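Descriptive structure summary
What follows is each chain in one-letter form.
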Amino acid sequence: MSMHDELQFAAEGPDDDRDLAPVTPWKVAVVDDDESVRAITRLALGQLKVDGRPLDLLEASSAEEGIALFATHPDIALGLIDMVMEEPSAGLRVISAVREQQGNHRTRLVVRTGQPGHLPEDRVIRDYDINDYREKTELSAQKLRTVAHSAIRSFRDIVDVEGAFHGMVELLSRVVDESLAEYFPHAMASAEVAAELGRLAGLPATRVEAVRHAAVLRDVGLMRLPQGVRNALLQYESLDGEGRQAVLEHPQVGSGLLDRLATVEGRLAAQLAREHHERWDGQGFPKGLQGEAIGLESRVLAIANFFDAHLLPQPEREALTPDALRAALLAAAGQALDPALVERALANFEALLSVRAKARALAK
């Protein structure tokens, strides 16, 4: 073979793997005090892919480590939780922390137990928000992969539904904006301020995100008001007859509409619609709730609503300066607004002003 007959190879193209966008893995928490169980889980699930995405296995060996793990990663898709660890009810403590303290209802939680008689399955399923209960002896590698596949796809569907809900929220708020002057920018700005203040007040990350989206729909009940009074909410005391009654009832109307949304954020939106005109001193409407009888998220939103509305010009007054807003917040503390949350807002006043400004710029 002459040199001219030698095989000629085409130049190598770019590495396909390097050209592909990185795939975000599904996070799976494995909370178990038995290293051998965690090792078997790694072996069974290490190469599993769901919808083309690999798994990122995060491990904890005690209830406290597990609780911290879920707090650090609120986007965990699946939690595999041992029932009995350093104490007989350790797994239940993790479940309660995730569902109640952290407000996380998206993550799918599967209980695995090596002592099924200690806490019967029917009691655990009845009393705790879990998605599956399995004995360790029945979970072969294949069954574990099946459970993981099913749970992760359920989590995916929940996230998709929430995404659709968020799109609907913005659409509805813009529809309301067609009938109510300046509604959308005000709704977006106060929702962002409420989310930030909620974070500062210690709400878990999942609840902060729920507030951010649910708060935008709080005034959907205004759509049912007579045309002549839709923009008179801030002056409702001057109304009488049917107009005043309609304004006083719009929180309940909005809540009734939003109660039909069968999601965590839908239920929160209904609460915010129902309570956002209540006052700390009990002089609000529609129920005259007082103090901590008003939900924390609703009290946070009341301050955020006050914050944005008073920086806007109104028919009876000019927009307040930031210094005047500080004074107005102090004056309202203990009357319209939760005094502890007002103190928190004032301690972070400049940060909240910045959040509001960014939200209004985006809403234009």
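Conventions and cut-offs
- Residues numbered from 1 in each chain as written.
- Predicted model: local features only at pLDDT ≥ 70, side-chain atom pairs only at ≥ 80, totals over all residues.
- Heavy atoms only, no water.
- Pairing = 2+ DSSP bridges.
- Helix = DSSP H or I, 4+ residues; strand = E, 2+ residues; numbered from the N terminus.
- Contact = heavy atoms within 4.5 Å.
- Axes fitted to C-alpha atoms, helices over the stretch in contact; angles between N-to-C directions.
- Buried < 20%, exposed > 50% of the residue type's maximum accessible area, 1.4 Å probe, protein only.
- Right-handed = clockwise from strand over helix to strand, strands pointing away.
- Parallel < 35°, antiparallel > 145°, perpendicular 65-115°, else oblique.
- Left-handed = near helix turned anticlockwise from the far one by under 90°.
- Salt bridge = Lys/Arg side-chain N within 4 Å of Asp/Glu carboxyl O.

Digging into the sheet that holds strand β6 (residues 132-135)
- One open sheet holds the six strands; their spatial order is β2-β3-β1-β4-β5-β6, and the pairing between them is mixed. The open sheet has two free edges, formed respectively by β2 (49-50) and β6, since each of these has just one partner strand.
- Against the sheet, helix α2 (residues 35-45) engages β1 (26-31), β3 (53-60), β4 (78-82) and β5 (108-113), with an angle of about 175° to β3.
- Strands β4 and β5 of the sheet are contacted by helix α4 (residues 90-101), whose axis makes an angle of about 175° with β5.

Section: the pairing of β4
- With five of its five residues buried, β4 lies for the most part within the structure.
- Burial along β4 is two-sided: L78, L80 and D82 facing one way and G79 and I81 facing the other are all buried.
- Looking at chain direction, β4 and β5 are connected through five bridges and run parallel. Among the inter-strand pairings, G79 is bridged to a residue of β5, identified as L109.
- One crossover worth recording links β4 to the parallel β5 by way of α4, and it is right-handed.

What about the packing of helix α7 (residues 183-200) against helix α11 (residues 296-309)?
- Taken N-terminus to C-terminus, the directions of α7 and α11 make an angle of 130°; their axes are 8 Å apart at the nearest point. Of the possible angle classes, the one that applies to α7 and α11 is oblique. α11 is crossed by α7, and the crossing has right-handed handedness. The residues of α11 that touch α7, namely those facing H186, A189, S190, V193, A194, L197 and G198, are V300, L301, I303, A304, N305, F307, D308 and A309.

Re the pattern of salt bridges
- With the rule as written, the count across this model stands at 25 salt bridges.
- Its salt-bridge partner being E64, residue R93 comes within 2.7 Å of it at the nearest N-O pair. Note that R93 is positioned in helix α4 and E64 in helix α3 (residues 63-72), a separation of 29 residues in sequence.
- For R93, a relative accessible area of 29% puts it in the partly exposed group.
- A relative accessible area of 48% means that E64 is categorised as partly exposed.
- Across the salt bridge formed by R93 and E86, the nearest N and O atoms sit 3.4 Å from each other.
- The exposure class assigned to E86 is partly exposed, which follows from its relative accessible area of 44%.
- One salt-bridge network, in which partners are shared between bridges, spans E35, R38, R42 and E59.

No statement about biological role is implied by the geometric values presented.
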